[in-house]
Amino acid sequence: MLRRLTIKRFKSIYDARLSFGRANLFIGVNGTGKSNILEALGLLASALSRGLDGDNLESRGVRFSLPHLFKSSFRNTDLSPTLRLEAQFEHGSYNCSIRAGSTRSSLEFHSEELFDGTSKIFGRGPNGIYINKQAVNVPSDDLKSVPSNRGFWDILYPFAEVSPDFRRELEDFGDFAIYAPQTAIMRGVATENRIKEPLGLAGGNLAPAFRDALHYRATLSDAAVKEFDDILSLIWAPGWANSITAGSFDANIIPSSVSSSGLSLYIKDKFMKTNRNMLSTFDASEGTLYLIFVASLLLHPGTPNIFALDNVDGTLNARLVRQLTDKLVEVCTSPKVSDNIRSHQSFVTSHHPASLDSFDIFSSEQRVFVARRRADGGVAGSTYFDRLTPGENLTKAEWIEQSGGKNLSELLLEGLIPGGL
């Protein structure tokens, strides 16, 4: 998993260093850079896979605009030719500098370095290419023709001898994606241009993904089924539905204007007459669609082990937000029954105070960050991140006493968490 990340000159983030747990929450007012931290992670994942072309970035949920808009350009600072990312995993590290000039048609690598532990595996830069001959049996001359926007690891990983744990970390992070479900797409009244398996970043493949998750359930042990059903119960939290199935398009339930890939979801309203109690995603409540999306994401065996959710709780009331984030934190931090059910690491943005109450700020694996823009000190206007911590050497009982027994959402609403709202 990703433990630390240094970001320099990426969009609103001029210089930030963050240490992560397994479940990570970012809060803050609009425009402070919460989504930018997710896109920095998406850029890093792209660098560790196919590279920096627009299709690869967009397939991870990174908004691909003009290359020079990826790089910070604050007043009273020199405009550097590059932005930089430095990633520390549990078993190795990766660093890259990326050129993002106004005359370029795409982002391009200026330099890359990959370390397995402390052993350097490869490096590329203006002064040439370095290949650790003991780890990679590929002559450096064979790599001189690699396009400047192509990541070296994507080329070298079939031949590289790195530790299995580090290889798994790189594979996991290379699959990273930012999920941001959209109601119109999940309802079928809009289409998603690029479908990233299994769900689509915005929910364009929701029905097939949910069906496949149910098929996967049939292969699990009794203990894993119990865990699966516990996550699935998130869908029933609003209280009106008690059944969901995936089936072929039914013109008696779904309007003809709704697009369909041949498969649709049908949710049973337990309060309606039996012959008129099936609703499609077109008519189901918006909040329920978001819960189905998140449950499917957590349950599908094809979901990336490291992923982000961007403002997924915007349609939910406080109680449902708390239940959703409770489940997400539990899935990411509890002992695993099945590796395909339990995701390793998540990054979530939220505007809802209730999301904070799912996080234990005394846990090293659960971390809450407040995103802010600098008013003074450092580069004015740049994003920085404060991690919420209870204070040095403070016990949980002492913290509860000092906070007057109030939970994090109450402290936030009362203005006692600066920059949170």
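Scope of this entry: the structure provided in the associated data block. (Residues numbered from 1 in each chain as written. Predicted model: local features only at pLDDT ≥ 70, side-chain atom pairs only at ≥ 80, totals over all residues. Heavy atoms only, no water.)

**Observations concerning the side chain of Arg3**
Okay, so step 1: Note that Arg3 resides in strand β1 (residues 2–10).
Okay, so step 2: Under the relative-accessibility criterion, Arg3 is labelled buried at 19%.
Okay, so step 3: Reaching out from Arg3, the side chain makes a polar contact with the side chain of Glu365 at a distance of 3.0 Å.
Okay, so step 4: Filtering out sequence-adjacent residues up to four positions away, Arg3 remains in contact with Leu18, Ser19, Phe20, Gly21, Gln88, Phe89, Glu90 and Glu365. (Helix = DSSP H or I, 4+ residues; strand = E, 2+ residues; numbered from the N terminus. Buried < 20%, exposed > 50% of the residue type's maximum accessible area, 1.4 Å probe, protein only. Polar contact = N/O pair within 3.5 Å; in protein donor to acceptor, adjacent residues only side chain to side chain. Contact = heavy atoms within 4.5 Å.)

**Some points on the sheet that holds strand β3 (residues 23–27)**
Okay, so step 1: Here we have six strands laid out as an open sheet, ordered β9-β13-β14-β3-β15-β16, and mixed in their pairing. Whereas interior strands pair on both sides, the edge strands pair on one side only; in this sheet they are β9 (177–179) and β16 (383–387). Here the average twist between neighbouring strands, direction ignored, is 25°.
Okay, so step 2: Examined bridge by bridge, strand β15 (residues 366–373) and β16 share five bridges and lie antiparallel to one another. (Pairing = 2+ DSSP bridges. Axes fitted to C-alpha atoms, helices over the stretch in contact; angles between N-to-C directions.)

**Focus: the packing of helix α7 (residues 222–232) against helix α8 (residues 286–299)**
Okay, so step 1: The interhelical angle for the contact between α7 and α8, taken along N-to-C directions, is 160°, at an axis separation of 9 Å. With respect to each other, α7 and α8 are oriented roughly antiparallel. Judged by the twist between their axes, the crossing of α7 over α8 is right-handed. For the pair α7 and α8, the contacting residues are Phe228, Ile231 and Leu232 in the first and Ala295, Leu298 and Leu299 in the second.
Okay, so step 2: Taken together, the residues that form the contact of α7 with α8 break down as six nonpolar, no polar and no charged. (Parallel < 35°, antiparallel > 145°, perpendicular 65-115°, else oblique. Left-handed = near helix turned anticlockwise from the far one by under 90°. Nonpolar A, V, L, I, M, F, W, Y, C, P; charged D, E, K, R; others polar.)

**Observations regarding unusual backbone geometry**
Okay, so step 1: Geometrically, the link from Glu197 to Pro198 is a cis peptide bond, its omega value of 5° lying close to zero.
Okay, so step 2: Within the element layout of this structure, Pro198 appears in the loop between α5 (183–187) and α6 (206–217).
Okay, so step 3: In this structure, Asn76 is a non-glycine residue whose phi angle is positive, near 65°.
Okay, so step 4: Along the chain, the position of Asn76 falls in the loop between α2 (54–58) and β4 (82–89).
Okay, so step 5: On the basis of relative accessibility, which here comes to 84%, the residue Asn76 falls in the exposed class.
Okay, so step 6: For Asn393, which is not a glycine, the phi torsion comes out positive at approximately 65°.
Okay, so step 7: Within the secondary structure layout, Asn393 lies in the loop between β16 and α10 (396–402).
Okay, so step 8: Residue Asn393 is classed as exposed on the basis of its relative accessible area, which comes to 72%.

**A look at the packing of aromatic side chains**
Okay, so step 1: In total, this model carries 15 aromatic pairs according to the counting rule given.
Okay, so step 2: Residues Phe26 and Phe385 carry aromatic rings whose centres are separated by 5.9 Å and whose planes lie at 75° to one another, so their mutual orientation is edge-to-face. Residue Phe26 is found in strand β3, and its partner Phe385 is found in strand β16; the two are separated by 359 residues along the sequence. There is no split in this pair, since Phe26 and Phe385 are both buried.
Okay, so step 3: Put simply, the rings of Phe20, Phe26, Phe89, Phe166, Phe173, Phe176, Phe347, Phe369 and Phe385 touch in pairs and so form one group of aromatic residues.
Okay, so step 4: The lysine or arginine in question, Arg374, covers the ring of Tyr384, its NZ or CZ lying 4.3 Å from the ring centre. (Phe/Tyr/Trp six-rings, centres within 6.5 Å; stacked < 30°, edge-to-face > 60°. Lys NZ or Arg CZ within 6 Å of the ring centre and 35° of its normal.)

**Points about the packing of α6 against α8**
Okay, so step 1: For the pair α6 and α8, interaxial distance at closest approach is 9 Å and the crossing angle is 45°. Between α6 and α8, the crossing angle belongs to the class labelled oblique. Of the two elements, α6 crosses α8, and the hand of that crossing is left-handed. Contacts from Leu206, Phe210, Ala213 and Tyr216 of α6 reach α8 at Ile292, Phe293, Ser296 and Leu299.
Okay, so step 2: Across the contact of α6 with α8, the residue classes break down as seven nonpolar, one polar and no charged.

**Focus on the nonpolar core**
Okay, so step 1: Counting residues in hydrophobic clusters, the biggest one holds 66 residues, and the most contacted among them are Tyr179, Ile292, Phe293, Leu309, Leu356 and Ile417.
Okay, so step 2: Apart from the residues within four sequence positions on either side, Ile417 is in contact with Leu356, Val370, Leu388, Leu408, Leu411 and Leu412.
Okay, so step 3: Leu2, Tyr94, Trp153 and Phe347 belong to the second largest nonpolar core, which has 57 residues in total. (Core = buried A, V, L, I, M, F, W, Y, C linked by side-chain atoms within 4.5 Å.)

**Describing helix α9 (residues 318–333)**
Okay, so step 1: End to end, α9 covers 22 Å across 16 residues, agreeing with the expected 22 Å (1.5 Å per residue, within 8%).
Okay, so step 2: Listed as buried for α9 are Leu320, Val321, Leu324, Thr325, Lys327, Leu328, Val329, Val331 and Cys332.
Okay, so step 3: Residues of α9 that are buried make contact with β3, α7, α8, β13 (306–310), β14 (345–349) and β15.
Okay, so step 4: Looking at where α9 begins, the residue whose side-chain oxygen comes 3.2 Å from the main-chain nitrogen of Arg319 is Asn317. (Expected span 1.5 Å × (residues − 1).)

**Remarks on α7**
Okay, so step 1: Of the positions making up α7, those classed as buried are Ala224, Val225, Glu227, Phe228, Ile231 and Leu232. The buried residues of α7 occupy an angular sector of 160° when the element is viewed end-on, so they sit on one face. Every exposed residue of α7 that faces more than 90 degrees away from the buried side is listed here: Asp222 and Lys226.
Okay, so step 2: Those residues of α7 that are buried lie in contact with α6, α8 and α9. (Arc of directions from axis to C-beta.)

**A few points about the pattern of salt bridges**
Okay, so step 1: What the rule picks out here adds up to 20 salt bridges.
Okay, so step 2: For the salt bridge of Glu330 with Lys327, the shortest nitrogen-to-oxygen distance reads 3.8 Å. Of the two residues, Glu330 and Lys327 both sit in helix α9, three residues apart, roughly one turn of that helix.
Okay, so step 3: Arg372 is the partner of Asp386 in a salt bridge, and the nearest nitrogen-oxygen pair spans 3.1 Å. (Salt bridge = Lys/Arg side-chain N within 4 Å of Asp/Glu carboxyl O.)

Everything listed is a geometric property; what it means functionally is a separate question.
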